[in-house]
Structures are given as C-alpha cells and as structure tokens.
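Listed below are the residues making up each chain.
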Amino acid sequence: MRRLVDALAAQGWKDMVLEMDRRLARKELIEFMANATVKNGVVTSLVKGVRVQFDALKLGKILDIPSEEYDDYTRQRCPCLDSLPTALQITRNFCDAATAEDVPEARFVQKSEMRPEHKVLFEFVNKCLLPRHERRHTANYMDLVLMECLVRGMQISWPAFIVKLLDRVINGSKAHVTPYGFILTTVLDRLNVPLQKWEMASSKGYFGVKTLLAYDYPVNATPVEPGSSLKIPMNSKVKALVRECGSKDAEIARL
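Residues numbered from 1 in each chain as written. Predicted model: local features only at pLDDT ≥ 70, side-chain atom pairs only at ≥ 80, totals over all residues. Heavy atoms only, no water.

Some words on the overall build of the protein chain
In step 1: In terms of helices and strands, the protein chain carries 11 helices and seven strands.
In step 2: Put simply, the protein chain has 255 residues, and 45% of those count as buried.
In step 3: Partitioning the contacts of the protein chain with sequence separation of at least 6, the portion at a separation of at least 24 is 67%.
In step 4: Roughly 13400 Å² of accessible area belongs to the protein chain as shown, and the carbon and sulfur atoms make up 50% of that amount. (Helix = DSSP H or I, 4+ residues; strand = E, 2+ residues; numbered from the N terminus. Buried < 20%, exposed > 50% of the residue type's maximum accessible area, 1.4 Å probe, protein only. Contact = heavy atoms within 4.5 Å. Areas by Shrake-Rupley, 256 points an atom, 1.4 Å probe, with all protein chains shown as cover.)

Written out as structure tokens, the structure is:
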C-alpha cells in the first residue's frame, strides 16, 4: 500500500498539499464565481478589476503541479484507462470484504467498508482532489478510479479536474457550493488579485494533520486544533510530522 504522502510525492503534489494554508479570500471568491465563465476548457473571470484566466496547462504552472495525463471526469460510470484493472476489481480493492465473492459486481463503496489506509485516500479525494458536499461517505466510480491511480502512482491531471469541476458548477443547472476554495484563493493571490481580508476556514472540510494522524500517521501526540492556546499553523505541524517520519525511516535504514 502506497502511503498517502508517498502518493502525493509521486504525483508532484506533496509540497502544494502540505504547505497550503487554510486561508480563504471569501469575498474575492464570491466575485470570482459570480463573474466566471468556462468555455472550451478555459476559465475566465474578473476580480477586483483584475482579469483572471486559466486553462489546465496554465493552472498547473500557477500551482507548480503536473497538468497532463489522466483527466477523464465522469460520475455515472467507471472511467476508462487501459492500464487500470476492471471496475469490479477496483471495487474489490477498496472494499474490505472477507472474500471476492462478497463483492460480486462493481458498485459504489461506503467509507465504513474501507480499510484505514484506504479511508485516508478517500478523504483526500473528496476533500481536495474532487471535492463535494453531498454523499461524502460514499466513494463513487470516479472516486475509486482516482484512489486506484494514487495507489499505483499513475499521474492524474489535477488542474484538468479543477477546470472540469468548475465548468460543471458554473454552467450546470443545479446550485453548488464553490469548490477548491483554498486552491482558488492561492490562484487569485498568484495572479496579483488584491486580497484585502483573509478568513481562516474551519477544519471540517479541510484535509490536514488531523486526518493524517487518524489514518496515515499513527503517532501518540494529539493534534492541536485551531482555537487552542498553542498557535501552531496546521501546515507546520504536518511538515514536522513528515520530517519526523523521514528521520525514523533513515534511522531504520541504517540498522
């Protein structure tokens, strides 16, 4: 099983994910979404008089992450990728059943059915990679394929998924909560949009050290959440954990 941090490193996302703050430029995000259009894979908006425009390739450069490879965004069927197992096998991979016969067909998988190491992958997928605010305890076909890609180290075009989900939210007929708030705040900042006021988001929808401790980094220390008397940034604690684990791995290698 590829550990989450190793999977992030293999994708080229480790620095962005672990160093991302929980800061939201809420007013600017509202203005961005109100003025946004998506056409032919290009997102365009106007925020504080600054024209914001990006496609998947430019977004990858802004965020300094890869923008190529797997980008098949679908929710109602199992996405196709020649090098992946069958839909049934992927379902079995993430369903902690006693035998293969207990999972006779491809289907959605409940979070409660997953092993702990798979739960953390699912948490990352539905909070960061392809966020949503409904059915957050159910892994659909798209979630399962993305989890399989993470496990196998197969490159995912995160920028392409961001653009495609924004297209669905902006051009769709249903009302949706703005996705990728932390990422879009970073994008606006790096495109020189004047952000006058930051807000610190609650940890409910945030993928941070608490999730890592719960599933991926079993340590004895209890994380200090925002509001505690110890004002330690969440990303600093995550990086400290990564350094600690790296030191332990190096020590074991020398034995």
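Next comes the rest of the account.
Regarding unusual backbone geometry
In step 1: Of note in this structure, Lys48 is not a glycine but carries a positive phi near 55°.
In step 2: With respect to the helices and strands, the residue Lys48 is situated in the loop between β3 (42–47) and β4 (50–54).
In step 3: For Tyr180, which is not glycine, the phi torsion reads 60° and is therefore positive.

Some points on the packing of aromatic side chains
In step 1: Evaluation of the coordinates by the stated rule reveals seven aromatic pairs.
In step 2: Geometrically, the ring pair formed by Phe124 and Trp158 is edge-to-face, given 5.8 Å between the ring centres and 75° between the ring planes. Placement of the pair is Phe124 in helix α6 (residues 116–129) and Trp158 in helix α8 (residues 158–171), with a sequence separation of 34 residues. Per residue, the accessibility class of Phe124 equals that of Trp158, and both read buried. (Phe/Tyr/Trp six-rings, centres within 6.5 Å; stacked < 30°, edge-to-face > 60°.)

Quick notes on the sheet that holds β3
In step 1: Read across the open sheet, the three strands follow the order β2-β3-β4; overall the sheet is antiparallel. On the outer flanks of this sheet lie β2 (37–39) and β4, each paired with one strand and no other. If you compare each strand with its neighbour and ignore which way they point, the axes differ by 20° on average.
In step 2: The pairing of β3 with β4 spans five bridges and is antiparallel. Bridge assignment links Val43 to a residue of β4, and that residue is Phe54.
In step 3: Of the strands in this sheet, β2, β3 and β4 touch helix α3 (residues 26–35), which is tilted by about 125° from β3. (Pairing = 2+ DSSP bridges. Axes fitted to C-alpha atoms, helices over the stretch in contact; angles between N-to-C directions.)

What to know about the side chain of Thr44
In step 1: Relative to the helices and strands, Thr44 is located in strand β3.
In step 2: Here the side chain of Thr44 touches Gln53 through a polar contact of 2.9 Å, side chain to side chain. (Polar contact = N/O pair within 3.5 Å; in protein donor to acceptor, adjacent residues only side chain to side chain.)

Focus: the confidence of the model for the protein chain
In step 1: Considering every residue of the protein chain, the mean pLDDT works out to 80; 74% of them sit at 70 or more.
In step 2: Every residue in residues 215–234 is under pLDDT 50, and counting partners more than four places away or in other chains gives 37 contacts. (pLDDT = per-residue confidence, 0-100.)

Things to note about the environment of Val103
In step 1: Relative to the elements of secondary structure, Val103 occurs in the loop between α5 (87–94) and β5 (109–110).
In step 2: A relative accessible area of 1% places Val103 in the buried class.
In step 3: With 14 residues separating them in the primary sequence, Val103 and Gln89 have C-alpha atoms 9.3 Å apart.
In step 4: Residue contacts for Val103: discarding those within four places in its chain leaves Leu88, Thr91, Arg92, Cys95 and Ala97.

Examining the pattern of salt bridges
In step 1: Counted by the stated rule, this structure contains eight salt bridges.
In step 2: With a shortest N-O distance of 2.8 Å, Lys48 and Glu28 are connected by a salt bridge. Of this pair, Lys48 sits in the loop between β3 and β4 while Glu28 is found in helix α3, placing the two residues 20 residues apart along the sequence. (Salt bridge = Lys/Arg side-chain N within 4 Å of Asp/Glu carboxyl O.)

Regarding α6
In step 1: Between its terminal C-alpha atoms α6 stretches 19 Å, which fits the 20 Å expected from 14 residues at 1.5 Å a residue.
In step 2: Burial runs high along α6: 11 of the 14 residues are buried.
In step 3: Among the residues of α6, His118, Val120, Leu121, Phe122, Glu123, Phe124, Val125, Asn126, Lys127, Cys128 and Leu129 are the ones counted as buried. (Expected span 1.5 Å × (residues − 1).)

A short note on the pairing of β3
In step 1: Taken together, the three bridges between β2 and β3 define a ladder with antiparallel strand orientation. Bridge pairing in β3 links Thr37 to Thr44.
In step 2: Hairpin connection between β2 and β3: a loop of two residues separates the two successive antiparallel strands, and Asn40 in this loop has a positive phi of roughly 55°.

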